[in-house]
Amino acid sequence: MAGLRRILEEMAELEGQRDQGLRRLRAARRRFQDLVALSAENQVIREALARLHTHVHLFRLLHDTQVTHLAMAEHEEVVTAIAARDPDAAYAMRRHILLSGERFWRLFDEVKDTDKMAVKA
């Protein structure tokens, strides 16, 4: 649990930074996700996360501090639930995944709308 807390602290320090800080933030997120999956003793989820970094690549394209702040709060909820050995930890993780998906769909919609406006111009 201390490892997850340290990673969260590192991510909080890097929040809002650009360039090297952003690269370090992405690396910290990957470590966080891997450690959560490892602590759940779920090899399937761990391997899926290791292979699927679409969200990281999308985040790299459009770094939004509001999105980072929201994700950080969700990560904290997950860690708090895990530390308490609360069965709702799975709910906290599911909620984070669903909210992240909603944020990305909004991003896709914004890009699609921008593309439509460019075609009309």
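Let me sum up the structure you'll find in this document. Because the structure is a prediction, the values reported are computed rather than measured. (Residues numbered from 1 in each chain as written. Predicted model: local features only at pLDDT ≥ 70, side-chain atom pairs only at ≥ 80, totals over all residues. Heavy atoms only, no water.)

All right, on to the overall build of the protein then. Of regular secondary structure, the protein possesses six helices and zero strands. At a minimum sequence separation of 6, the contacts of the protein that also span at least 24 residues come to 67%. Approximately 8,200 Å² of the protein is accessible, and the part contributed by carbon and sulfur atoms is 57%. (Helix = DSSP H or I, 4+ residues; strand = E, 2+ residues; numbered from the N terminus. Contact = heavy atoms within 4.5 Å. Areas by Shrake-Rupley, 256 points an atom, 1.4 Å probe, with all protein chains shown as cover.)

Right, let's get into the nonpolar core. Soluble globular proteins tend to bury their nonpolar side chains together. Residues Leu 4, Met 11, Phe 32 and Ile 82 are the most contacted members of the largest nonpolar core, which totals 17 residues. Of all elements in the fold, only α1 (2-14), α2 (20-39), α5 (65-83) and α6 (89-120) reach the threshold of two or more residues within this core. (Core = buried A, V, L, I, M, F, W, Y, C linked by side-chain atoms within 4.5 Å. Buried < 20%, exposed > 50% of the residue type's maximum accessible area, 1.4 Å probe, protein only.)

Right, let's talk about unusual backbone geometry for a bit. Unusually for a residue other than glycine, Arg 85 sits at a positive phi of about 55 degrees. Relative to the helices and strands, Arg 85 is located in the loop between α5 and α6. Residue class for Arg 85 comes out exposed when judged on its relative accessible area of 76%.

When the terminal C-alpha atoms of α1 are compared, their 18 Å separation across 13 residues agrees well with the 18 Å that a helix rising 1.5 Å per residue should span. Taken together, the buried positions of α1 are Gly 3, Leu 4, Ile 7, Leu 8, Met 11 and Leu 14. Burial along α1 is one-sided: seen end-on, the buried residues are contained in an arc of 135 degrees. Exposed positions of α1 whose direction lies more than 90 degrees from the buried face are Arg 6, Glu 9 and Glu 13. (Expected span 1.5 Å × (residues − 1). Arc of directions from axis to C-beta.)

We now examine the side chain of His 96. Among the secondary structure elements, His 96 is positioned in helix α6. Sequence-distant contacts of His 96, defined by excluding residues within four places in its chain, comprise Ala 71, Glu 74, His 75 and Arg 103.

Right, let's get into the pattern of salt bridges. Applying the stated criterion across every chain yields a total of four salt bridges. Among the ionic pairs, Arg 5 bridges to Glu 76, the shortest N-O distance being 2.4 Å. Of this pair, Arg 5 sits in helix α1 while Glu 76 sits in helix α5, and the two are 71 residues apart along the sequence. Between Glu 77 and Arg 95 there is a salt bridge, and its shortest N-O distance comes to 2.9 Å. Taken together, the residues Glu 77 in helix α5 and Arg 95 in helix α6 connect sequence positions 18 residues apart. Assessed through its relative accessible area of 36%, Glu 77 is described here as partly exposed. Owing to a relative accessible area of 32%, Arg 95 belongs among the partly exposed residues under this scheme. (Salt bridge = Lys/Arg side-chain N within 4 Å of Asp/Glu carboxyl O.)

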